[in-house]
Amino acid sequence: MAAPRFYVEVETEALDKALAEQAEVVLPPKAAHHAGRALRLRTGEETVVFNGTGRQWRGRIRFDQDGAYVALDAVETPEVEPPVRMTLVQALVSPEKLDWIVEKAVETGVSEIVLTPAARSVTKLAGERLEKRLQKLRDIAVSAAEQCGRNVVPEIRGASSFKEAMLGTQADRRLVLAPGAAHGTRLTGEEKSVAFAVGPEGGFSPEEIDLAEEAGWLAVLLGPRVLRTETAGIAAAVWLNTLTGDYGER
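All of these numbers come straight from a predicted model, not from anything done at the bench.

Rules of the game
- Residues numbered from 1 in each chain as written.
- Predicted model: local features only at pLDDT ≥ 70, side-chain atom pairs only at ≥ 80, totals over all residues.
- Heavy atoms only, no water.
- 1 Å grid on protein atoms, 1.4 Å probe; cavity = no way out; pocket = protein on both sides within 12 Å on 5 of 7 lines; lining within 4 Å.
- Points joined across faces, edges and corners; volume = space filled by probe spheres on them.
- Nonpolar A, V, L, I, M, F, W, Y, C, P; charged D, E, K, R; others polar.
- Pairing = 2+ DSSP bridges.
- Helix = DSSP H or I, 4+ residues; strand = E, 2+ residues; numbered from the N terminus.
- Axes fitted to C-alpha atoms, helices over the stretch in contact; angles between N-to-C directions.
- Contact = heavy atoms within 4.5 Å.
- Parallel < 35°, antiparallel > 145°, perpendicular 65-115°, else oblique.

Draft legend 1. Spatial organisation of empty space enclosed by the protein. Scanning the entire structure with this criterion turns up one cavity of 30 Å³ or more. In this model, the largest cavity occupies a volume close to 30 Å³. Forming the boundary of the largest cavity are Leu92, Leu115, Thr116, Pro117, Leu125, Leu130, Gly158 and Ala159. Residues belonging to the lining of the largest cavity are distributed by class as follows: six nonpolar, two polar and no charged.

See below:
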């Protein structure tokens, strides 16, 4: 059984120092509560902590009335990231769907998620409401990384407009998933990074597709069936992982 994993906002240098000095790292209150109450861990059980930089530190957990602590005894850099860096540009959709999309995007190896308004988006977010939503989604991303074994937590950011999302997202290949596109998905095999743009319910408008193509994106069909907005980006990530060897023998 895999050791329970917890995200800590601690600098790598501080974690390495704690390891060298056989010192303890304090778990955040939420993680400590989850460890003791939900997982019912006991003092002395093996635990893993990570800070989103790609490495993880193993140690033994200890509880007292004030919280939970991990005495580090090993550091590892497991190979769990996909060979190609993936960015998901996701049009704003309902909160429930967006929560699910972020969780599954983390599990499938997406490195960056960009939320963008779109002409057909029913959900509208800006200013303080957007920042609060982004923080909740970042918490979901942390929990998903803890669960799936990733040591990198994807960046999640919001674009103020669809044009900003298209111009501000960089990758070797940038694909807009569009049911009416003339081209199928295709890669050269040389890409180190790929971005997918997924529209809201009803897809991107023709004007948005034109804008994306003017910005250097390619409108493509992912397959012969029309996928829901909450399915399309995840299916694209799985397709790319299969194509580049992340799924199967590595």
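Draft legend 2. Spatial organisation of the sheet that holds strand E3 (residues 46-50). If you walk across this open sheet you meet the five strands as E1-E3-E4-E5-E2, and the pairing is mixed. Lying at the two open borders of the sheet, with one neighbouring strand each, are strand E1 (5-7) and strand E2 (24-26). Between one strand and the next, the sheet's axes are offset by a mean angle of 40 degrees, whatever the strand orientation. With three bridges connecting them, E1 and E3 associate as parallel partners. By the bridge assignment, phenylalanine 6 is partnered in E3 with valine 49.

Draft legend 3. Broad picture of the sheet that holds strand E11 (residues 193-198). As summarised here, the arrangement of the seven strands in space is E8-E7-E6-E11-E9-E12-E10, forming an open sheet in which the pairing is parallel. Looking at which strands have only one partner, the edges of the open sheet turn out to be strand E8 (155-158) and strand E10 (183-184). In the sheet, strand E9 (residues 173-177) pairs with E11 via four bridges, with the strands oriented parallel. Directly across from arginine 174, in E11, lies its bridge partner alanine 195. The strands that helix H3 (residues 95-108) touches are strand E6 (85-91), strand E7 (112-116) and E8; relative to E6, the one it contacts most, it runs at about 170 degrees.

Draft legend 4. How the structure looks around the packing of H3 against helix H7 (residues 229-244). It is at 9 Å that the axes of H3 and H7 come closest, and there the two elements cross at 5 degrees. Of the possible angle classes, the one that applies to H3 and H7 is roughly parallel. Across the interface between the two elements, Lys97, Trp100, Ile101, Lys104, Ala105 and Thr108 of H3 pack against Thr229, Glu230, Ile234, Ala237, Val238 and Asn241 of H7. Class assignment of the residues belonging to the contact of H3 with H7 gives a composition of six nonpolar, three polar and three charged.

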